[in-house]
Amino acid sequence: GDSVTQMEGPVTLSEEAFLTINCTYTATGYPSLFWYVQYPGEGLQLLLKATKADDKGSNKGFEATYRKETTSFHLEKGSVQVSDSAVYFCAPNQAGTALIFGKGTTLSVSS
Amino acid sequence: EAGVAQSPRYKIIEKRQSVAFWCNPISGHATLYWYQQILGQGPKLLIQFQNNGVVDDSQLPKDRFSAERLKGVDSTLKIQPAKLEDSAVYLCASSLGSSKVGNEQFFGPGTRLTVL
């Protein structure tokens, strides 16, 4: 079945640092790719998504590009803020089915 | 627009007791999911409903877990009897239910279950 591997955390950065969280997946066909975020004390929420090869999803300064040739969907942000501290989940998805989540990567940003 | 509602938010029980969780999805969402999130891991699907029919329950431990979605709206997830390893956050999510590519799933706040 489909699966996903995320970079191990925790990731600890200073404010305004550059962020990359690696995500690679294995899947049949062409899944959609999602990044979900879980802020402390809150539920999971969609951060961004891409539905086909070379698509770039973006939101709140975060970006990720669907790379079919490397089966990757790495999350990046040029300048992180303390408020970005959260757990980030990469998840491929075949239409009409459940999300397949990675273990999550904890990001801690200090001022 | 109201989000996905879940109750209770927290539950503590002894092993071998039973427990039930309730979920009310976003109005008009045909597909409902129950996920289990063990501490330090990503959520894992337990069961997926399309309206009031089961689409996928392959990972549901059916000897102790059961779920229903009567009338295709609210859903309940039950554990009977609970084991220590059932301690987790139980997440309910819903989506419009189409097979449209990139269809977003919306998550509730979850129920944190502790089994002692």
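Here, every reference points to the structure presented above.
Residues numbered from 1 in each chain as written. Chains lettered and ligands numbered in written order. Predicted model: local features only at pLDDT ≥ 70, side-chain atom pairs only at ≥ 80, totals over all residues. Heavy atoms only, no water.

(A) Just the nonpolar core, in detail. Of all hydrophobic cores here, the largest spans 25 residues; its most connected members are A:L19, A:W35, A:L47, A:L48, A:F73, A:L75 and A:Y88. Counting residues per element, the ones that place at least two in this core are β2 (11-14), β3 (19-21), β4 (23-26), β5 (32-38), β6 (44-50), β8 (62-65), β10 (86-93) and β11 (105-110) of chain A. With residues near it in sequence (within four places) discarded, A:L48 still touches A:L33, A:F34, A:W35, A:G57, A:S58, A:N59, A:F62, A:E63, A:A64, A:F73 and A:L75. Core analysis: the second largest hydrophobic core is formed by 21 residues, B:C23, B:L32, B:A88 and B:V115 among them. (Core = buried A, V, L, I, M, F, W, Y, C linked by side-chain atoms within 4.5 Å. Buried < 20%, exposed > 50% of the residue type's maximum accessible area, 1.4 Å probe, protein only. Helix = DSSP H or I, 4+ residues; strand = E, 2+ residues; numbered from the N terminus. Contact = heavy atoms within 4.5 Å.)

(B) Spotlight on the side chain of A:T105. Residues and elements named next belong to chain A. As for its placement among the helices and strands, T105 is situated in strand β11. Assessed through its relative accessible area of 0%, T105 is described here as buried. One polar contact links T105 to Q6, side chain to side chain, over a distance of 3.0 Å. At 2.7 Å, the side chain of T105 forms a polar contact with the backbone oxygen of M7. Every residue in contact with T105, bar those within four places of it in the chain, is listed here: Q6, M7, G9, V11, I21, A86, V87 and Y88. (Polar contact = N/O pair within 3.5 Å; in protein donor to acceptor, adjacent residues only side chain to side chain.)

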